[in-house]
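Breakdown of the fold
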Amino acid sequence: MSLFWIVVRQLAEIEAMAASKKVIPREVWERKLNNVKIRKEDMNKLVMNFLVTEGFVEAAEKFCKESGTEPDIDLATITDRMAVKKAVQSGNVEDAIEKVNDLNPEILDTNPQLFFHLQQQRLIELIRNGKVEEALEFAQEELAPRGEENQSFLEELERTVALLAFEDISNCPVGELLDISQRLKTASEVNAAILTSQSHEKDPKLPSLLKMLIWAQNQLAEKASFPRINDITTAALEDPV
Amino acid sequence: MPASRPSSDQILHRLSSSEYEIKLKAIREVKNQIIGNRTKKLSYIKLGVVPAVADALAEANADSDNGANLIVQSTAVIGSFACGVDEGVRAVLDAGAFPHLIRLLSVADEKVVDAAARSLRMIYQSKLAPKFEFNKEENMDFLLSLLRSENENLTGLGAGIVIHSCETRDEQNILCHAGSLEKLVGGLDGSMSQRDASLESIATILKNNPGAVSKFVELQNGRALRSVIELTRDRFSRTRLLACLCLICIKNSSSCFLQDIAIKTKLIYILLELLDDSGQVGEEASFAFSSLVAGKEDLQKLAFEANAIDKFYNHLQNPELNSKRLEGIFLALGDLCSKLECCRSRFMSLQVLNLLINALTHDEANVRTAACICLKTVSRSIKNLSAGYFMNERIVIPLVRLLSDLCTSVQVAALGAISNIVVDFTPNKSTIIQCGGIKELVHLTKSMDSSLRLNAVWSLRNMIFLADKMCKEAIFMELTASSVATLICDPEPSVQEQALALVRNFVDGCMDCVEFAFAENGIILDAVGRQLKKSPRIEIIIQGMYAVSNIASGNEFHKEAIMQMIFPQAESGPQSFLSQYLQSNDSRLRTSAAWIIVNLTAPASPGAFGRIAKLRNFGLVAQIKRMASDPCMDVKLRARVALGQIISFGDS
């Protein structure tokens, strides 16, 4: 082999070494993880935050008793909030509106978008139940004035009223408004508004932490090979392939 | 389905029912109908529902369960009527509900207290709410008890009262001395709504009040200030904005606070970022930005380096911007371009001017005003003026149209812009003449509104600056000598000053132009002379003196007329105004007086010798001699020129 080729080969090897990632073996990784300290109370608070935000009121009460973790909100308000959410999810929008107003009359008075979406949901329910005349009257009396105040409301109103024009809803281009997911969307909007009015975060902390975990793993994977968690439900460390 | 339009038949009847269940149901029905629904609020108000609910509130007994229920529901109804609808606030106040709500704040039932505090807070969000008198001791005790409370609704109400009613410096000081800042600072660690309420009321107390600001920055060894700075990084955009507003109040009160460049830069970046908020916060961010950079060159520079102009431009390109946003952005751009040429040239190179021209014809008066104010500062540029960017039909025609706008603030702003763009350093001002601009301007010099008169005269003054004789003649014909004389004696001193400056520019330049002062039997010259003899204001006198000096540069006849004005009586008499102003403490005034002597003694004119003799008799030559060593360079130079001319006729 000529000297030239030897040099070329050596260069190629150096380059390969540079490109290969650092490998962190499982025992080293586990040792590193063991050195990170997490306080038990912090874990409990995270769990409580999840239960409270998601509205698992009975579980929160039990958890409070068993772990001694105080919720950061009056648990009674969770029951009220869940009742509102449930009412929207089952199509009783008028009932939901009354419940929100009992909880705090400011919420719908100061949040025109949410108020419009609730009224829109009411209209959708009327159409779903085939009450065409009532739906038209409701759209005219209740929703049209909101449309005059706001261009984007008007567009949404037009889309909703278009539901009436189709005999066969399955063929209707705006049919998704009748979908159950529309109710869930409205319900979660109300839920978030109530939480905000109670000065509470509208999302639980746990999902953000898990998102952060996945993102951090991806970042690290570009530089190193390490045992990572792929299934967050088991949190099992999987060796790199 | 509930009746969608309220009908008078039932509801009023049921609201006044003696049966608890019927009454409660009726009140709840009204509540659920009106919350969030402006149209319903208005129609129920018309129907007379508000007094009926207020009666229900007044009659209910807070000590019984039923009574408490009625109170909570009717209070919610009253709060909702007052929310966002001025007619509602008025109806609630007229119905006498206000004192009942105040009374309910001190009952035992917490639900009732919460409901009453909420409704009062709604009322205090309106300008129509009654003014809270801070100077009454019992009122301050009440307010402090609110701010001290553990109940968030009560502290929120306290903050709302401060935000609504604290307007004057005296009121700020009362609040400050009573320790309200300390109480409000406590809320900075609280919930989102507490933080926001605290920040806004702190800003209200600090605004334009250096004393209150000094107290605040020293509070808790600066911890309060650090908390506010920390809140500029809050997750909620509204909180970030309010924290910025607080810091702007501190910064604007005295240049010695928040000097750190890092903080200034941070404020600029945060406010620019808040512009992206699609709601009210985004609207208000540009107004906050304006107050941050207005009049401050260092901050304008930092904002320029942060690409603020590009950022505002990007926002302006959104065709769906509402009028409040447009107004805020043009005002911000206006402040940004008020001092630095680099900002103006970036503005021009991005062609923001095209968007500004569209805004000149916007439906909303505030947008038109803001566009004019922005045009005024952008055209404060010799480079842009000389390039002729503004003196064209696309700009001049809509601007002249705005001179007859129905809204005075638009007219004033348009005059401001015209004042600048007519200084285009070219003698030809035909564009503005052709589109009827002069007629409009002259018309406005006769307005009842003094700010319109002032700015109209100012525009004309600038327009004839270095203008050719044709242009001056066109304006003079329209304006007439007697009107100029009237303006010189206007009741408003600022108008007098501009009118004299106008005369100064009229008679500047060629010999023919001096004749303007002699039209209609010298009515203008008489008016100038009267002001010089009696006005106590230096700015006015300086303009008048230069007008006289310009006339004195004319022919023999003109010079003699000025001599007549200076020495009206025979050889002796009271000291002339010229002699008095030659000895003024103000060097600008001494300069203008020396100029008059220079022009009267110009050796080329045949009567110079006689005039020198007269000046000598009145002791003015001796005065000029003393001024040859004046501490002010300008005065010294003019005095020496005059002296040289006098000596050339022989110093006897």
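These numbers were taken from a predicted model, which means no experiment stands behind them. (Residues numbered from 1 in each chain as written. Chains lettered and ligands numbered in written order. Predicted model: local features only at pLDDT ≥ 70, side-chain atom pairs only at ≥ 80, totals over all residues. Heavy atoms only, no water.)

This brings us to the overall build of chain A. A count of helices and strands for chain A gives twelve helices and four strands. Taking 2.2 N^0.38 as the reference for a compact globule, 241 residues should give roughly 18 Å; the C-alpha atoms of chain A span a radius of gyration of 27 Å, well beyond that estimate. The dimensions of chain A, computed from C-alpha atoms along their principal axes, are 90 × 55 × 30 Å. A burial count over chain A gives 37% of its 241 residues as buried. At a minimum sequence separation of 6, the contacts of chain A that also span at least 24 residues come to 53%. Here chain A carries 28 positive and 42 negative side-chain charges, and the mean point of each set is 12 Å from the other. (Helix = DSSP H or I, 4+ residues; strand = E, 2+ residues; numbered from the N terminus. Rg over C-alpha atoms; globule rule 2.2 N^0.38 Å. Buried < 20%, exposed > 50% of the residue type's maximum accessible area, 1.4 Å probe, protein only. Contact = heavy atoms within 4.5 Å. Lys, Arg positive; Asp, Glu negative; His and termini not counted. Charge placed at Lys NZ, Arg CZ, Asp CG, Glu CD.)

A word on the domain arrangement of chain B. Taken as a whole, chain B is organised into domain 1 (1-130) and domain 2 (480-652). Each of domain 1 of chain B and domain 2 of chain B has a C-alpha centre, and these two points are 73 Å apart. (Domains from an automatic or database assignment.)

Once that is clear, we can look at the packing of aromatic side chains. For any pair of aromatic rings, the description consists of the separation of the ring centres together with the inter-plane angle of the planes. Residue and element names in this part refer to chain B. Applying the stated criterion across every chain yields a total of 14 aromatic pairs over all chains. Their ring planes at 50° and their centres at 6.1 Å tell us that F609 and F649 sit as a pair that is tilted. A residue pair is termed long-range when its members are at least 10 positions apart, and F609 in helix 40 (residues 608-617) and F649 in the segment after helix 42 (633-648) qualify at 40 residues. By the ring-pair criterion, three or more aromatic residues cluster together here, those being F132, F134 and F142. (Phe/Tyr/Trp six-rings, centres within 6.5 Å; stacked < 30°, edge-to-face > 60°.)

Further remarks concern the interface of chain B and chain A. By convention, interface size is frequently given as the accessible area that disappears when the constituent parts associate. With 28 residues of chain B at the contact, the number on the chain A side is 25 residues. Together, the buried faces of chain B and chain A total about 2,100 Å²; carbon and sulfur atoms form 46% of this surface. In this assembly, chain B and chain A are joined by eight salt bridges. With a closest N to O distance of 2.3 Å, K40 of chain B and E142 of chain A form a salt bridge. (Buried area = accessible area lost by both parts, 1.4 Å probe. Salt bridge = Lys/Arg side-chain N within 4 Å of Asp/Glu carboxyl O.)

Working note: α-helix, 3.6 residues per turn, so residues spaced by three or four point in the same direction. Residue and element names in this part refer to chain A. Look at helix 3 (residues 40-54): 21 Å from first C-alpha to last across 15 residues, which is about the 21 Å you get at 1.5 Å a residue. Residues N44, L46, M48, N49, L51, V52 and T53 constitute the buried set of helix 3. Against the buried residues of helix 3 lie helix 4 (57-67), helix 5 (75-89), helix 11 (180-197) and helix 12 (205-221). Positive backbone phi, at 85°, marks G55, one or two positions downstream of helix 3. (Expected span 1.5 Å × (residues − 1).)

Attention now moves to the UniProt feature "domain: CTLH" (unreviewed entry) in chain A. Here the UniProt-annotated "domain: CTLH" (unreviewed entry) positions come out as residues 77-134 of chain A. With 83% helix and 0% strand, residues 77-134 of chain A has its two end C-alpha atoms placed 34 Å apart. (UniProt positions renumbered as here; feature names shortened; annotations may be inferred.)

What follows deals with the packing of helix 36 (residues 538-552) of chain B against helix 39 (residues 587-600) of chain B. Residues and elements named next belong to chain B. One way to put it is that helix 36 packs onto helix 39 with a least axis distance of 8 Å and a crossing angle of 15°. If you check the angle between helix 36 and helix 39, you find them roughly parallel. The interaxial crossing formed by helix 36 with helix 39 has left-handed handedness. Judged by residue contacts, I538, E539, I541, I542, M545, Y546, V548, S549 and A552 of helix 36 engage R588, L589, T591, S592, A593, W595, I596, N599 and L600 from helix 39. Classifying every residue of the contact of helix 36 with helix 39 by side-chain character gives twelve nonpolar, four polar and two charged. (Axes fitted to C-alpha atoms, helices over the stretch in contact; angles between N-to-C directions. Parallel < 35°, antiparallel > 145°, perpendicular 65-115°, else oblique. Left-handed = near helix turned anticlockwise from the far one by under 90°. Nonpolar A, V, L, I, M, F, W, Y, C, P; charged D, E, K, R; others polar.)

Next up on the list: the side chain of S80 of chain B. Looking at the secondary structure, you find S80 of chain B in helix 5 (residues 65-81). With near-sequence residues (within four places) excluded, S80 of chain B lies in contact with D109 of chain A together with I34, I35 and K41 of chain B.

Let us look at the state of the cysteines. Where two cysteines share a covalent bond between their sulfur atoms, that bond is called a disulfide. Using the criterion set out here, one finds zero disulfides over all chains in the structure. As a non-bridged cysteine, C166 of chain B has C176 of chain B as the owner of its nearest cysteine sulfur, 9.4 Å distant. (Disulfide = S-S within 2.5 Å.)

By the element assignment, E142 of chain A lies in helix 9 (residues 132-149). For E142 of chain A, the side chain forms a polar contact with the side chain of Q119 of chain A, separated by 3.3 Å. (Polar contact = N/O pair within 3.5 Å; in protein donor to acceptor, adjacent residues only side chain to side chain.)

What follows covers the nonpolar core. Counting residues in hydrophobic clusters, the biggest one holds 233 residues, and the most contacted among them are F216, F289 and L399 of chain B. Once residues within four sequence positions are removed from consideration, F216 of chain B is found in contact with L181, V185, I202, L206, A224, L225, V228 and I250 of chain B. (Core = buried A, V, L, I, M, F, W, Y, C linked by side-chain atoms within 4.5 Å.)

A separate point is a nonpolar patch on the surface. All names here are of chain A. A surface patch of nonpolar side chains, about 300 Å² in accessible area, is lined by V36, I38 and M43. Relative to the elements of secondary structure, I38 occurs in the loop between helix 2 (26-34) and helix 3. Under the relative-accessibility criterion, I38 is labelled exposed at 60%. (Patch = residues over 30% accessible without salt bridge, like charges linked within 9 Å, V, L, I, M, F, W, Y side chains within 5 Å. Areas by Shrake-Rupley, 256 points an atom, 1.4 Å probe, with all protein chains shown as cover.)

On to the environment of R394 of chain B. Residue and element names in this part refer to chain B. Within the secondary structure, R394 sits in helix 26 (residues 393-402). Note: C-alpha distance between R394 and I382 (twelve residues apart in sequence) is 20 Å. Once residues within four sequence positions are removed from consideration, R394 is found in contact with N354 and I357. A distance of 2.7 Å separates polar atoms of two side chains, one belonging to R394 and the other to N354.

Let us now look at the pattern of salt bridges. On inspection of all chains with the given rule, the structure shows 43 salt bridges over all chains. Across the pair R14 of chain B and E29 of chain B runs a salt bridge, and its minimum N-O distance is 3.2 Å. Remark: E29 of chain B occurs in helix 2 (residues 20-34) and R14 of chain B occurs in helix 1 (residues 8-15); sequence separation between them is 15 residues. On the accessibility criterion, E29 of chain B (33% relative accessible area) is partly exposed. In this structure, R233 of chain B engages E230 of chain B in a salt bridge whose closest nitrogen and oxygen atoms are separated by 2.9 Å. Of the residues examined, E230 of chain B reaches a relative accessible area of 45% and is grouped as partly exposed. If you follow the salt bridges from partner to partner, you end up with E98 and D102 of chain A together with R28 and K31 of chain B in one network.

Moving on, we come to the packing of helix 4 of chain A against helix 5 of chain A. Relative placement of two packed helices is described by the angle separating their axes and the distance separating the axes. Residue and element names in this part refer to chain A. The interhelical angle for the contact between helix 4 and helix 5, taken along N-to-C directions, is 165°, at an axis separation of 9 Å. Looking at the two axes, helix 4 sits roughly antiparallel to helix 5. Every pair of crossing elements has a handedness; the one defined by helix 4 and helix 5 is right-handed. In this structure, helix 4 contributes V57, A60 and E61 to the contact, and helix 5 contributes L75, I78 and T79. Considered class by class, the residues forming the contact of helix 4 with helix 5 number four nonpolar, one polar and one charged.

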